[in-house]
Number of protein chains: 2
Amino acid sequence: MIADVEKRLEAAGIKPTAMRNLVLEYLLKQGSAISLAELERGLAPVDRVTVYRTLKTFEEHCLVHSINDGTGAAKYALCQEDSGEVRHHDLHVHFYCNSCKETFCLPKTLIPAVVLPQGFISEEVSLVMKGVCERCSA
Amino acid sequence: MIADVEKRLEAAGIKPTAMRNLVLEYLLKQGSAISLAELERGLAPVDRVTVYRTLKTFEEHCLVHSINDGTGAAKYALCQEDSGEVRHHDLHVHFYCNSCKETFCLPKTLIPAVVLPQGFISEEVSLVMKGVCERCSA
DNA sequence: TGATGTTTGCAATTCTGTTGCATGCGCTAC
DNA sequence: GTAGCGCATGCAACAGAATTGCAAACATCA
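Residues numbered from 1 in each chain as written. Chains lettered and ligands numbered in written order. Predicted model: local features only at pLDDT ≥ 70, side-chain atom pairs only at ≥ 80, totals over all residues. Heavy atoms only, no water.

A. Expanded view of the protein's contact with DNA strand C. Neighbouring DNA strand C are 16 residues; A:Tyr52, A:Arg53, A:Ala74, B:Thr17 and B:Arg53 lie closest to it. Near the protein, within 4 Å, the atoms of DNA strand C are sugar or phosphate in 56% of cases. One nitrogen or oxygen atom from the side chain of A:Arg48 is found 2.9 Å from a base oxygen belonging to DNA strand C. Within the contact set of DNA strand C, a phosphate oxygen lies 2.8 Å away from a side-chain nitrogen or oxygen of B:Arg20. If one sorts the elements of the surface near DNA strand C by residue count, helix H4 (residues 48-60) of chain A sits on top with five residues. Within the surface near DNA strand C, the residues separate by chemical class into seven nonpolar, two polar and seven charged. (Near = heavy atom within 4 Å. Polar contact = N/O pair within 3.5 Å; in protein donor to acceptor, adjacent residues only side chain to side chain. Helix = DSSP H or I, 4+ residues; strand = E, 2+ residues; numbered from the N terminus. Nonpolar A, V, L, I, M, F, W, Y, C, P; charged D, E, K, R; others polar.)

Spelled out as structure tokens, the structure:
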């Protein structure tokens, strides 16, 4: 599995290191989007800044994307692996569960087109839904 | 106008005070959504914490809603006055202008319905678009 | 007036995001 | 091999946002 992780890093154009393997591995294991603080806790005793910069690097290389779910802290989640696809600026919906407090990507749920008033030019869009996730509603 | 402001506060179930009048008046004058820091600057020399708590009070009474436009600081904007209408959990789109850095409510631009995967229950939704606003694109 | 509860202002703390700097580690060229 | 170079890491430190505690000021009502 470490081999997989490294392969994925290299595919993204990132030199694999111990820290990067660790972070990516953690993100892969994690089903939901997590914050820097959570990552730091999960990987303790690692340095917060190093994880922070690792995430920035991942983000630059489109390995992860950040989500602002309104909780105050940015969350990070892996991007879909469909490398050759449309360059998706996070065109999928994100879901924050009020019950378990986790944030999920809904990669199959695309953001519907929005017709803006005259004069407004759209460059980016983010849609965060809040409610109860499938696990908590079951 | 102070009378109007006070009337609006009372309509929301908030006891009018000098500070609350001031904050509400400022929000009314303001065309866009503003952050706590901006409010503090605009109303100087007021206490940041007092403004903060005033906004929390307003928010609890659905007089303002907060918007997370990804700039790191929450912004606040007045809710629509259509008192009797549907309880709108901010069902309109918010727009952040990359050029003038302001955040606007687009009260007429409603968030399209999103079909969630099985099991997910929606309670709230927020959609923030980024791009160029009408004034900057003109 | 006195008792009570709300509002305000100040101090202080926590948390997130971020930068600077020095060290360490691996790689390449000699 | 080793000197030099560049990138990665860890630590210290800072800025700004959000939040809490406490005490003084104020309004309210009996």
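Don't stop here, the text continues.
B. Here's a closer look at the sheet that holds strand E2 (residues 64-67) of chain B. Residues and elements named next belong to chain B. Reading across the sheet, the three strands line up as E1-E3-E2 and stay open at both edges, with antiparallel pairing between neighbours. In this open sheet, the two edge strands, each paired with only one partner strand, are strand E1 (34-35) and E2. Alignment of E1 against strand E3 (residues 75-78), held across two bridges, turns out to be antiparallel. What sits directly across from Ile 34, in E3, is Tyr 76. (Pairing = 2+ DSSP bridges.)

C. Seen up close, the sheet that holds strand E4 (residues 92-97) of chain A. One open sheet holds the six strands; their spatial order is E5(A)-E4(A)-E6(A)-E6(B)-E4(B)-E5(B), and the pairing between them is mixed. In this open sheet, the two strands that pair with only one neighbour each are strand E5 (103-110) of chain A together with strand E5 (103-110) of chain B. Averaged over neighbouring strand pairs, the angle between their axes works out to 30° when direction is ignored. In this sheet, strand E6 (residues 121-132) of chain B lies alongside strand E4 (residues 92-97) of chain B in parallel orientation, the contact comprising four bridges. Residue pairing in the sheet places B:Cys97 in a bridge with B:Gly131 of E6(B). (Axes fitted to C-alpha atoms, helices over the stretch in contact; angles between N-to-C directions.)

D. Structural context of the interface of chain A and chain B. Each partner contributes to the interface: chain A provides 31 residues, whereas chain B provides 32 residues. Summing both sides of the interface, chain A and chain B together bury roughly 2,700 Å²; the carbon and sulfur share of this comes to 64%. Per-residue buried area on chain A facing chain B is highest for A:Val114, A:Phe120 and A:Met129; these three make up 20% of the total on that side. Connecting chain A to chain B are zero salt bridges. One can count twelve residue pairs in polar contact (both at pLDDT 80 or more) joining chain A with chain B. Among the secondary structure elements, those contributing two or more residues to the side of chain A that touches chain B are E4, E5, strand E6 (121-132) and helix H5 (134-137) of chain A. Ranked by residue count, the leading element in the side of chain A that touches chain B is E6(A), at twelve residues. Taken together, the residues of the side of chain A that touches chain B sort by class into 17 nonpolar, ten polar and four charged. Strand direction decides the pairing type here: E6(A) and E6(B), joined by eleven bridges, are antiparallel. From the neighbouring strand, A:Leu127 faces E6(B), where its bridge partner is B:Leu127. (Contact = heavy atoms within 4.5 Å. Buried area = accessible area lost by both parts, 1.4 Å probe. Salt bridge = Lys/Arg side-chain N within 4 Å of Asp/Glu carboxyl O.)

E. Region of interest: helix H1 (residues 2-11) of chain A. Residues and elements named next belong to chain A. Residues Val 5, Arg 8 and Leu 9 constitute the buried set of H1. For H1, the angular spread of the buried residues around the axis is 100°, confining them to a single face. Structural note: H1 exposes Lys 7 and Ala 11 on the side pointing more than 90 degrees away from its buried face. Contact partners of the buried residues in H1: helix H2 (18-29), H4 and strand E3 (75-78). (Buried < 20%, exposed > 50% of the residue type's maximum accessible area, 1.4 Å probe, protein only. Arc of directions from axis to C-beta.)

F. Seen up close, the side chain of B:Thr109. Here B:Thr109 lies in strand E5. Overall, B:Thr109 belongs to the buried group, its relative accessible area being 6%. Discounting chain neighbours no more than four positions away, the residues touching B:Thr109 are A:Val114, A:Val115, A:Pro117, B:Leu91, B:His92 and B:Val93.

Any functional reading would require information beyond the geometric quantities listed.
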